[in-house]
Amino acid sequence: MLRFPGHGHRHPEDIVIGPLDLSARIDEALAVQAVAFGLGSDEVAVRRQIVLRHMTYPGARAFGATAADRLVGFVYGMPNDRSHWWSTVVEPYLRAQGHADWLDDSFVITELHVHPRYQNRGIGRSLITTITDTADEPRSILSAIDTDSPARGLYHSLGYQDLARQVLFPSAPKPYAVMGAQLPLRRR
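It should be emphasised that the depicted structure is a prediction, and the values quoted were computed from it without experimental measurement.

K.L.:
Would you mind showing me how to read the overall build of the chain here?
P.N.:
A count of helical and extended segments in the chain gives five helices and eight strands. Taken from N to C terminus, the helices and strands of the chain fall in the order β-β-α-α-β-β-α-β-α-β-α-β-β. Compactness check: the chain gives a C-alpha radius of gyration of 16 Å against a globular reference of 16 Å for 188 residues, within 12% of the reference. A principal-axis box enclosing the C-alpha atoms of the chain has dimensions of 50 × 35 × 35 Å. A burial count over the chain gives 48% of its 188 residues as buried.

Take a look at the structure:
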């Protein structure tokens, strides 16, 4: 059962969604990401520094999903800034599709991961809707591996549409899709 802090009595099997001090729980979060995304220790070490840097950006925030106080999923994001690395990579692809304006006034979902043992329970949906509900921006953007996957299915069900496909990131072995949605996200 999904539960939000302060709502009802807590049971040991409850999944609790709430604000996350990602910098303090970085190793737990990256352990979830490593299992969910298939990362090796070298990739985790690089991502650790990136996440810690991201959390210093204005407006950056994170939410976590915990089971018995153990982190089983997390999301983080921030208001998009065209000077950030991700934006500089995706901008030419978006411009080619006539969607470069999506880089302005958007909240970017930087990472969203749920441990495989906890997937298909609505945790990813709750995490992303919770964080985007806190955004002042009128829309949200993200990138996801450009395949038919449960993650992309989730994003489509929330109202995200493909803005650019076959986006190549340096050192990423697979192409990505950049997706965008008006906020608030669609509910079921």
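K.L.:
Hey, could you run me through unusual backbone geometry in this one?
P.N.:
Apart from glycine, the bulk of residues carry a negative phi angle, and the bulk of peptide bonds sit in the trans form. Here Leu183 and Pro184 are connected by a cis peptide whose omega angle stands at 0°. Positionally, Pro184 belongs in the segment after strand S8 (176-182). Backbone geometry at Ala68 places phi at a positive 55°, although glycine is not the residue there. When you line up the elements, Ala68 lands in the loop between strand S3 (61-67) and strand S4 (70-79). With phi around 65°, Asn120 is a residue other than glycine that occupies positive phi space. For Asn120, a relative accessible area of 79% puts it in the exposed group.

K.L.:
So what exactly am I meant to see when it comes to the nonpolar core here?
P.N.:
Soluble, globular proteins show a tendency: their nonpolar side chains are buried together. Membership of the largest hydrophobic core comes to 28 residues, with the highest contact counts inside it found for Ile109, Leu127, Ile128, Tyr155 and Tyr160. Looking at this core, the elements with two or more residues in it are strand S2 (15-19), S3, S4, strand S5 (106-114), helix H4 (123-132), strand S6 (139-145), helix H5 (150-157) and S8. Setting aside residues up to four positions removed in sequence, Ile128 forms contacts with Ile109, Leu112, Leu142, Tyr155, Leu158, Tyr160 and Leu185. In this structure, Leu71, Leu94, Trp102 and Val178 belong to the second largest nonpolar core, which totals 27 residues.

K.L.:
Would you mind showing me how to read the packing of helix H1 (residues 26-37) against helix H2 (residues 41-54) here?
P.N.:
One way to put it is that H1 packs onto H2 with a least axis distance of 10 Å and a crossing angle of 130°. By the criterion of interaxial angle, the relationship of H1 to H2 is oblique. Seen along the crossing, H1 lies across H2 with a hand that is right-handed. Taken together, the residues of H2 that come into contact with H1 (itself represented by Ile26, Asp27, Leu30, Gln33, Ala34 and Phe37) are Val44, Arg47, Arg48, Val51 and Leu52.

K.L.:
Which parts of the structure should I look at to understand H5?
P.N.:
Residue pairs spaced three or four apart in an α-helix point in one direction, given the helix's 3.6 residues per turn. Along H5, the residues that are buried comprise Arg152, Leu154 and Tyr155. The arc enclosing the buried residues of H5, seen along the axis, measures out at 155°, which places them on a common side. With its phi angle positive at about 110°, Gly159 sits one or two positions after the end of H5.

Each value, and the rule that gives it
Residues numbered from 1 in each chain as written. Predicted model: local features only at pLDDT ≥ 70, side-chain atom pairs only at ≥ 80, totals over all residues. Heavy atoms only, no water. Helix = DSSP H or I, 4+ residues; strand = E, 2+ residues; numbered from the N terminus. Rg over C-alpha atoms; globule rule 2.2 N^0.38 Å. Buried < 20%, exposed > 50% of the residue type's maximum accessible area, 1.4 Å probe, protein only. Core = buried A, V, L, I, M, F, W, Y, C linked by side-chain atoms within 4.5 Å. Contact = heavy atoms within 4.5 Å. Axes fitted to C-alpha atoms, helices over the stretch in contact; angles between N-to-C directions. Parallel < 35°, antiparallel > 145°, perpendicular 65-115°, else oblique. Left-handed = near helix turned anticlockwise from the far one by under 90°. Arc of directions from axis to C-beta.

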